[in-house]
Amino acid sequence: MQWCIPVFLDEEIVHQYYNGYCNNILWPLFHYLGLPQEDRLATTRSFQSQFAAYKKANQMFADVVNMHYEEGDVVWCHDYHLMYLPECLKNHNNNMKVGWFLHTPFPSSEIHRTLPSRSELLRSVLAADLVGFHTYDYARHFVSACTRILGIEGTPEGVEDQGRLTRVAAFPIGIDSLRFQNALLVPQVQEHIKELKERFSGRKVMLGVDRLDMIKGIPQKILAFEKFLEENPNWRDKVVLLQIAVPTRTDVPEYQKLTSQVHEIVGRINGRFGSLTAVPIHHLDRSLDFHALCALYAVTDVALVTSLRDGMNLVSYEFVACQEAKKGVLILSEFAGAAQSLGAGAILVNPWNITEVAASIAQALNMSAEEREKRHQHNFHHVTKHTAQEWAEMFVSELNDTVVEAQLRTSKEPPELPQNDAVERYLLSGNRLLILGFNSTLTEPVDTSGNRSDQIREKNPNLHPELKEHLTALCNDKKTTIVVLSGSKSEVLDKNFAEYDMWLAAENGMFLRHTKGDWMTTMPEHLNMEWVDSLKHVFEYFTERTPRSEFEIRTTSLVWNYKYADVEFGRLQARDMLQHLWTGPISNASVDVVQGSRSVEVRPVGVTKGAAIDRILGEIVHNTSMTTPIDYVLCVGHFLGKDEDVYTFFEPELPSDVNMAKCKPIDAPKLPTEKKAPSKLPATKSGPKSSQTKTPKPSPAPDKRTGNNHSGGSSRRASPEKVKEKEKMAWSVLDLKGDNYFSCAVGRKRTSARYLLGSSDDVVSFLSRLAKGT
Ligand SMILES: O=P(O)(O)OC[C@H]1O[C@H](O[C@H]2O[C@H](CO)[C@@H](O)[C@H](O)[C@H]2O)[C@H](O)[C@@H](O)[C@@H]1O
Ligand SMILES: O=c1ccn([C@@H]2O[C@H](COP(=O)(O)OP(=O)(O)O)[C@@H](O)[C@H]2O)c(=O)[nH]1
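Residues numbered from 1 in each chain as written. Chains lettered and ligands numbered in written order. Predicted model: local features only at pLDDT ≥ 70, side-chain atom pairs only at ≥ 80, totals over all residues. Heavy atoms only, no water.

## Some thoughts on the overall build of the protein
Then, number 1: Broken down by element type, the protein carries 26 helices and 25 strands.
Then, number 2: Residue burial in the protein is summarised as follows: out of 774 residues, 53% are buried.
Then, number 3: A fraction of 74% describes how many contacts in the protein between residues 6 or more apart in sequence connect residues 24 or more apart. (Helix = DSSP H or I, 4+ residues; strand = E, 2+ residues; numbered from the N terminus. Buried < 20%, exposed > 50% of the residue type's maximum accessible area, 1.4 Å probe, protein only. Contact = heavy atoms within 4.5 Å.)

## Side note on the site of ligand 2
Then, number 1: With respect to spatial proximity, the complete set of residues near ligand 2 consists of Val209, Arg211, Lys216, Val246, Ser287, Leu288, Leu293, Asn313, Leu314, Val315 and Glu318.
Then, number 2: Within the contact set of ligand 2, an oxygen atom lies 2.9 Å away from a side-chain nitrogen or oxygen of Lys216.
Then, number 3: The backbone of Leu288 places a nitrogen or oxygen atom 2.6 Å from an oxygen atom of ligand 2.
Then, number 4: Burial of ligand 2 by the protein chains amounts to 70% of its free accessible area of 540 Å².
Then, number 5: Those elements giving two or more residues to the shell around ligand 2 turn out to be β7 (204-211) and α13 (314-321).
Then, number 6: With 3 residues, α13 is the single largest residue contributor to the shell around ligand 2. (Near = heavy atom within 4 Å. Polar contact = N/O pair within 3.5 Å; in protein donor to acceptor, adjacent residues only side chain to side chain. Areas by Shrake-Rupley, 256 points an atom, 1.4 Å probe, with all protein chains shown as cover.)

## Quick word on the site of ligand 1
Then, number 1: In the neighbourhood of ligand 1, 17 residues make up the surrounding shell, with Tyr18, Asp79, His103, Thr248 and Asp310 lying closest.
Then, number 2: A distance of 2.9 Å separates an oxygen atom of ligand 1 from a polar side-chain atom of Arg249.
Then, number 3: Relative to its unbound accessible surface of 560 Å², ligand 1 loses 75% to contact with the protein.
Then, number 4: A class-by-class count of the residues in the shell around ligand 1 yields 6 nonpolar, 7 polar and 4 charged.
Then, number 5: No fewer than three residues from each of domain 1 (11-170) and domain 2 (177-386) sit in the shell around ligand 1. (Nonpolar A, V, L, I, M, F, W, Y, C, P; charged D, E, K, R; others polar. Domains from an automatic or database assignment.)

## Here's the deal with the pattern of salt bridges
Then, number 1: Enumeration according to the criterion identifies 34 salt bridges in this entry.
Then, number 2: With its nearest N and O atoms 3.1 Å apart, the salt bridge here joins Glu254 to Lys257. Of the two residues, Glu254 and Lys257 both sit in helix α11 (residues 253-273), 3 residues apart, roughly one turn of that helix.
Then, number 3: Here Glu601 makes a salt bridge to Arg603, at a shortest N to O gap of 2.9 Å.
Then, number 4: Note on Arg603: relative accessible area 1%, which makes it buried.
Then, number 5: Residues joined in a network through salt bridges with shared partners are Glu110, Arg113, Arg148 and Asp576. (Salt bridge = Lys/Arg side-chain N within 4 Å of Asp/Glu carboxyl O.)

## Concerning the domain arrangement of the protein
Then, number 1: One can read the domain layout of the protein as domain 1 (11-170), domain 2 (177-386), domain 3 (419-444 + 463-510 + 608-650 + 732-772) and domain 4 (530-604).
Then, number 2: One C-alpha centre belongs to domain 2, the other to domain 3; they are set 70 Å apart.

## Notes on the sheet that holds strand β18 (residues 550-553)
Then, number 1: Judged by pairing direction, the sheet is antiparallel, and its 4 strands sit side by side in the order β18-β19-β21-β20 without closing on themselves. Where the open sheet ends on each side, the last strands, each with one partner, are β18 and β20 (591-595). Ignoring strand direction, the axes of neighbouring strands in this sheet form an average angle of 10 degrees.
Then, number 2: As paired elements, β20 and strand β21 (residues 599-604) share 5 bridges and run antiparallel to each other. Residue pairing across strands places Gln595 opposite Val600, the latter belonging to β21.
Then, number 3: Packed onto the sheet, helix α21 (residues 532-544) meets β18, β19 (558-561) and β21 and runs at close to 10 degrees relative to β19. (Pairing = 2+ DSSP bridges. Axes fitted to C-alpha atoms, helices over the stretch in contact; angles between N-to-C directions.)

## Quick notes on helix α1 (residues 11-30)
Then, number 1: Here α1 spans only 25 Å end to end across 20 residues, well under the 28 Å set by a 1.5 Å rise per residue.
Then, number 2: Of all the bends in α1, the largest measures some 35 degrees and sits at Cys22.
Then, number 3: Most of α1 is tucked away: 15 of the 20 residues are buried.
Then, number 4: In this structure Asp10 caps α1, since a side-chain oxygen of it lies 3.1 Å from the backbone nitrogen of Glu12.
Then, number 5: One or two positions beyond α1, positive phi appears at Tyr32, with a value near 60 degrees. (Expected span 1.5 Å × (residues − 1). Bend = angle between axes of the 7 residues up to and from the residue.)

## Examining the sheet that holds strand β3 (residues 130-133)
Then, number 1: With respect to topology, 6 strands assemble into an open sheet ordered β1-β2-β3-β6-β5-β4, the strand pairing being mixed. Where the open sheet ends on each side, the last strands, each with one partner, are β1 (74-78) and β4 (153-155). Within this sheet the neighbouring strands show an average axis-to-axis angle of 25 degrees, counted without direction.
Then, number 2: Across 4 bridges, the pairing between strand β5 (residues 158-161) and strand β6 (residues 164-170) is antiparallel. Among the inter-strand pairings, Asp161 is bridged to a residue of β6, identified as Arg164.

## Observations concerning the pairing of strand β8 (residues 239-246)
Then, number 1: Of all 8 residues making up β8, 7 are buried, and the element is well covered by its neighbours.
Then, number 2: Here 4 bridges tie β8 to strand β9 (residues 281-284), and the two strands are oriented parallel to one another. Within β9, the position partnered with Gln243 by the bridge is His283.
Then, number 3: Remark: the β8/α11/β9 crossover connection has right-handed handedness. (Right-handed = clockwise from strand over helix to strand, strands pointing away.)

## Describing the packing of aromatic side chains
Then, number 1: The final tally for this structure, using the stated rule, is 32 aromatic pairs.
Then, number 2: Between Tyr632 and Phe742, the ring centres sit 5.6 Å apart and the planes meet at 35 degrees, which makes this aromatic pair tilted. Remark: Phe742 occurs in strand β24 (residues 741-746) and Tyr632 occurs in strand β22 (residues 632-637); sequence separation between them is 110 residues.
Then, number 3: For Phe742, a relative accessible area of 1% gives the class buried.
Then, number 4: An aromatic cluster of three or more residues is present, and its members are Tyr17, Tyr21, Phe47, Phe51 and Tyr54.
Then, number 5: Just above the ring of Trp27 sits the side chain of Arg249; from NZ or CZ to the centre is 4.0 Å.
Then, number 6: Directly above the aromatic system of Tyr426 lies the positively charged group of Arg432, at a separation of 3.9 Å from the ring centroid. (Phe/Tyr/Trp six-rings, centres within 6.5 Å; stacked < 30°, edge-to-face > 60°. Lys NZ or Arg CZ within 6 Å of the ring centre and 35° of its normal.)

## A few points about the pairing of strand β11 (residues 329-333)
Then, number 1: Buried residues dominate β11, accounting for 5 of its 5 residues.
Then, number 2: With burial as the criterion, each face of β11 is covered, one bearing Val329, Ile331 and Ser333 and the other bearing Leu330 and Leu332.
Then, number 3: Note that strand β10 (residues 302-305) and β11 share 4 bridges and pair parallel. From the neighbouring strand, Ala303 faces β11, where its bridge partner is Leu330.
Then, number 4: Following the chain from β10 across α13 to the adjacent parallel β11, one finds a crossover that is right-handed.
Then, number 5: Relative to strand β12 (residues 347-349), β11 runs parallel, the two being bridged by 3 bridges. Paired with Ile331 across the strands is Ile347, a residue of β12.

## A few points about the environment of Thr441
Then, number 1: Structurally, Thr441 can be placed in the loop between β13 (432-436) and α19 (468-476).
Then, number 2: Of the residues examined, Thr441 reaches a relative accessible area of 0% and is grouped as buried.
Then, number 3: Residues within four places of Thr441 in sequence aside, it is in contact with Val636, Gly637, His638, Val746, Ser760 and Val763.
Then, number 4: For Thr441, the side chain forms a polar contact with the main-chain nitrogen of His638, separated by 3.0 Å.

Have a look at this one:
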């Protein structure tokens, strides 16, 4: 078995890929340092060739992996050097289990979007099954970069693109703490500890161990130490700072400049505060071997970590692991990932604030033994419990689980609607209910190819011209009841369906009428619409700036539709709008922000087609004086995810009773501003990665399937007498015998519907078969 297989890169590739793209571009950007100041333009110019080398090098890694890969192996790609690798691997073998872990921070999407190859990099990382970061912050930034830059949906589990989920999670790394604890017992280390104690006797030892990298804040650390010496003359001959600065990436000009800068500062301070026999700073431009490092950690009184940004910072963990005897103090930058894990025991500082760091040095040096002990125990417990072994096991086990879950999800993709069976069962049944969506279900297909020159299109959705004849035939069949259930306003449904003998349910079922009767409302009474006013401005803002987009104020929702706008620009605007909605004016309101394929909609939590179907069904049964149970249900639509509860309404245990409460007649739907504002529902957020979804509060319409006696379909509170009356009226209206239920999603693959149809053309051809009975 081979443990390590090298990938040989030639010098030019190393220069362009490792020194160039990785360490001169990605590294500073991911650490919020921006591109190197002096050669910014040159870097920008060489960007494409460096990225080409980056991809080439990643492909070379992929080729080696592919050569040695055996079925069932797990491939774990590490760090910003290999962001393109997951895609290369998956392109070769889509069944490979691929994980990717980033050891650096992932910056805010505002930084990532400045990268010319921003989309390509994100997409290739998303090819992995599992993507891991040290902290939730980094994971959240990654998800929001995917949302903002690629326009794909962030979910509580990760990032979802066309039904494929890339799991994104935080896996804070640890160290092999036992290795450090055991090293302290080695005689050679004990001897070294003794020497160091003698060497620095009478002085407190402060320690910095860093690669000589801009992100480590070494100049800032030394300047803070100078300030401390300046302000505390009594400490000048009682403390020493040992700074180990390990040379790194020495071919990159920015690193060469840092070396001279640090040397200059150290020389100046030693000149200022040193004597003939002692200097306050011992600066070493080299690395130490493991045992020497452990001895140094063990004799240290105060460790100083001042990273300006740091993915995690293992030095802080290693220091803690070696301090069981001494219980020294850790001063730790709040910009290191480690601050989240070791913050309880460390003194956290902003490394840019030299005054604060100097004060923290004084605090650490003067800290009582009792407080040091307490702080150390917090951190020692963490470091010894959350080890590197645990980290690796967790990542790999999560990767295996993710792959299994993904297989289950794919296998759950529903089949095509079995049209022959559906037609046959329709013909054999005696009381059928057809629930049909409108937009993209019964309408003519709209060209949304996004061609900028194609700007003049018909704006209003129209009924599919080939449907009219079949719809008339179906509506005229006494054994068939048809409901068109749409998000559209009542006027739109009136315009398209007034001539048919059917039921119309507008605004996701909030308004209902039979085409021979008047509109009535099924709206729950206590809907909170207080948020509408503050949101109207946001919707107006984006409508005014997005030609041919439309903003509609519906009774229970606000909708912005960019179906007829330039699709690319519409998408861009939608991303900005969503970002604003998730974090801005309504982040505390009890509303759902629903992202459609070309729309953004905001509505109160619980206003869904599924929640309304109960009340609609009650009204239909009551009005048509049905005498036999409905024995066939077809529910077809291009419904938004939130509205898919209409499919599941009839699943898995079919409801037998239906609410018989009558709806309230109305003259016309009222605008939200005219309604009395009811009291607000308390809001809860569901978690860091799901800013767009709120944990649903109990739906305004009670769930039909929670018991056998479904007496409450409306949220209006009835008197006890009324409830009794309703109970008497309740009877079994559904008798579907399991297989006589056909729920069918149009143009979507991830759905809770039982079956799929591709487009409204397919709906038309299927309905024609029902109408003709063939
Ligand atoms: O070999 P170099 O190019 O000189 O760089 C050394 C490593 O530096 C980076 O380390 C990061 O990983 C640590 C462990 O997860 C983390 O604690 C630290 O904050 C990071 O900076 C880099 O990411 C590695 O790839 C390099 O090998
Ligand atoms: O002379 C030295 C100084 C440091 N290190 C190791 O370098 C690593 C630095 O990791 P850290 O996460 O602190 O920062 P990075 O350098 O990875 O950004 C630690 O494991 C140190 O033990 C080392 O091997 N020899």
